[in-house]
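Descriptive analysis of the structure
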Amino acid sequence: MFIPVTLSLLEGMVTTLKLFFLTLLFALPLGLVISFGSMSRFTPLRWLVQTVVWIIRGSPLMIQILIIFYGPGLIFGLPLLPRFTAALVAFAVNYACYFSEIYRGGIQSVPQGQYEAGQVLGMTKTQIFFKITLLQVVKRIVPPMGNEMITLVKDTSLVRVISVYELIWMGETYIKKGLIWPLFYTAVFYLILSGILTILLNQCEKKLDYFK
Amino acid sequence: MSILEVNHIEKHFGPTKVLNDISFSLEAGQALSIIGSSGSGKTTLLRCLNFLERPNGGTIAVNGSVIFDAADPSTQIEKDIREKRLHFGLVFQNFNLFPQYTALQNVTLARELRAKKKGGESREEILQAGLALLEQMGLADRANHYPHQLSGGQQQRVAIARALALHPDILCFDEPTSALDPELTGEVLRVIRSLAEHKTTMIIVTHEMAFARDVADQLIFMDSGVIVEQGDPKEVIDHPKEERTRQFLARYADN
């Protein structure tokens, strides 16, 4: 039984991984945009963005997944989004909001003097951001980002509320067949994934160790 | 013709007037020292010259042409301000070196970015010029060190090289030794002194009275946002005319 179970769990793992990487792909840049919005000097925009971040971070991700999947149909009578797409939208938006706060913390912790030093050397705002600030921000945010990414690995299991066949869903199907251990076995897959992530993030931190 | 003419500069933060009718001029090759207690507006004045703050009133002219006029918005366009900043170099109290770049990269970064945009110098020329500047600062062997591997005095000397790399008309120092341990101030002051000997036009905000007296050609004493007294440094420090200058110098002598 072990090998067929492993194979079918791996099938679930593929969906989990797809969701994980696509969420990062969209949420990492979107989070940066949101963080700029939440630091905007234009007050209405700042309030709007901060309110959205509050709502998204303040309500359960599971409810957000359900709203994005069922909401358009229930409220506007629109056709449903494909299940995976709905899940991805919910995850990307949710994680972008968390990331935006990490970015904001990172950006605001770069001393004002760094911007000023760039300015007096005649650099443009864009040059200052990309050539001076960005790497210092990245160095500061790797540890909290790592935390969020590891949370994301496990949060992917929430999408089974709209029947996306991810890892835990695959494990659960065996319960109907009278097997309980495949469900617990799924934890090993999550552990391996977060183990790999931890190693990668540590290497990232080490790479940035050359400056303080 | 003076290289720098500052006329009637005003700056307020909200209702607080930080600079009030500041006027002075500076000749090419001369060093001007500005002294005064904390909060007297010295640093704000330097920041206005470097356009890190916008004056609320007054004009700034470099080499005879007005580069900033508070009454004329056409002199305040952001894009032009960026270029106008290059008339001035600024050395900060706490260095503000870029931590992710080596000493040499700190010196060459801005010039490389400019060359990339506007053409002109080759990378090799910029590197050589950067190395020469570090050598002038006595840091040839530290070119590939990162800021955190350098002492405060070395960091400040890299910062001076960085400011010089863009050939500013006027180099400004904002209390360049205030963040340094006493035993490290000497090496930075020596560098500034040698710049003065080589006729670098400089404005030095400092608390080092003896240094200001020796090195500067002109001295300004500021208090509460106004210039109280200005003139020959030895004259002002040894024979102050104003009561406020006397009090300030007496407090200094006590410490």
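Provided above is the structure to which this section pertains.
So, a few notes on the structure that sits alongside this text. (Residues numbered from 1 in each chain as written. Chains lettered and ligands numbered in written order. Predicted model: local features only at pLDDT ≥ 70, side-chain atom pairs only at ≥ 80, totals over all residues. Heavy atoms only, no water.)

With respect to the overall build of chain B
- Along the backbone of chain B there are 9 helices and 10 strands.
- Evaluated residue by residue, chain B yields a buried proportion of 56% over its 255 residues.
- Across chain B, the fraction of contacts at a sequence separation of at least 24, relative to all contacts at a separation of at least 6, is 64%.
- Approximately 11000 Å² of chain B is accessible, and the part contributed by carbon and sulfur atoms is 47%.
- If the 27 positive side-chain charges of chain B are averaged to one point and the 34 negative ones to another, these points end up 5 Å apart. (Helix = DSSP H or I, 4+ residues; strand = E, 2+ residues; numbered from the N terminus. Buried < 20%, exposed > 50% of the residue type's maximum accessible area, 1.4 Å probe, protein only. Contact = heavy atoms within 4.5 Å. Areas by Shrake-Rupley, 256 points an atom, 1.4 Å probe, with all protein chains shown as cover. Lys, Arg positive; Asp, Glu negative; His and termini not counted. Charge placed at Lys NZ, Arg CZ, Asp CG, Glu CD.)

Description of the interface of chain B and chain A
- Facing 25 residues of chain B, the contacting portion of chain A comprises 19 residues.
- If you look at where chain B meets chain A, you find 1 salt bridge.
- A salt bridge links Arg47 of chain B to Glu116 of chain A; its shortest N-O distance comes to 2.8 Å.
- Where chain B meets chain A, there are 8 residue pairs in polar contact (both at pLDDT 80 or more).
- Residues that form the side of chain B that touches chain A fall into these classes: 14 nonpolar, 4 polar and 7 charged. (Salt bridge = Lys/Arg side-chain N within 4 Å of Asp/Glu carboxyl O. Polar contact = N/O pair within 3.5 Å; in protein donor to acceptor, adjacent residues only side chain to side chain. Nonpolar A, V, L, I, M, F, W, Y, C, P; charged D, E, K, R; others polar.)

Regarding a nonpolar patch on the surface
Residues and elements named next belong to chain A.
- On the surface, a cluster of nonpolar side chains totalling about 960 Å² of accessible area is made up of Met1, Phe2, Ile3, Leu7, Leu10, Ile175, Ile180, Trp181 and Phe184.
- Of all the elements in the fold, those that place two or more residues in the nonpolar patch are α1 (2-38) and α8 (181-207).
- For the nonpolar patch, the element with the highest residue contribution is α1, accounting for 4 residues. (Patch = residues over 30% accessible without salt bridge, like charges linked within 9 Å, V, L, I, M, F, W, Y side chains within 5 Å.)

Some points on the packing of aromatic side chains
- The tally for this structure, following the rule as stated, stands at 16 aromatic pairs over all chains.
- Pairing Phe2 of chain A with Tyr185 of chain A gives two aromatic rings, centres 5.3 Å apart and planes at 35°, and the pair type is tilted. Of this pair, Phe2 of chain A sits in helix α1 while Tyr185 of chain A sits in helix α8, and the two are 183 residues apart along the sequence.
- Looking at Phe2 of chain A, the relative accessible area reads 49%, which means it is partly exposed.
- The exposure class assigned to Tyr185 of chain A is buried, which follows from its relative accessible area of 15%.
- With a centroid separation of 5.7 Å and 50° between ring planes, the pair formed by Phe51 of chain B and Phe68 of chain B is classed as tilted. One end of the pair, Phe51 of chain B, is in the loop between α1 (42-49) and β4 (57-62); the other, Phe68 of chain B, is in strand β5 (residues 65-69), with 17 residues separating them in the sequence. (Phe/Tyr/Trp six-rings, centres within 6.5 Å; stacked < 30°, edge-to-face > 60°.)

Here we look at the sheet that holds strand β3 (residues 31-35) of chain B
Residues and elements named next belong to chain B.
- Taken in spatial order, the 6 strands line up as β6-β7-β8-β3-β9-β10 in an open sheet, and their pairing is mixed. Pairing within the sheet leaves two strands with one partner each, and these edge strands are β6 (88-91) and β10 (226-231). Strand-to-strand twist of the sheet, defined as the mean angle between neighbouring strand axes without regard to direction, takes the value 20°.
- Bridge count between β6 and strand β7 (residues 170-174): 4 bridges; the pairing is parallel. (Pairing = 2+ DSSP bridges. Axes fitted to C-alpha atoms, helices over the stretch in contact; angles between N-to-C directions.)

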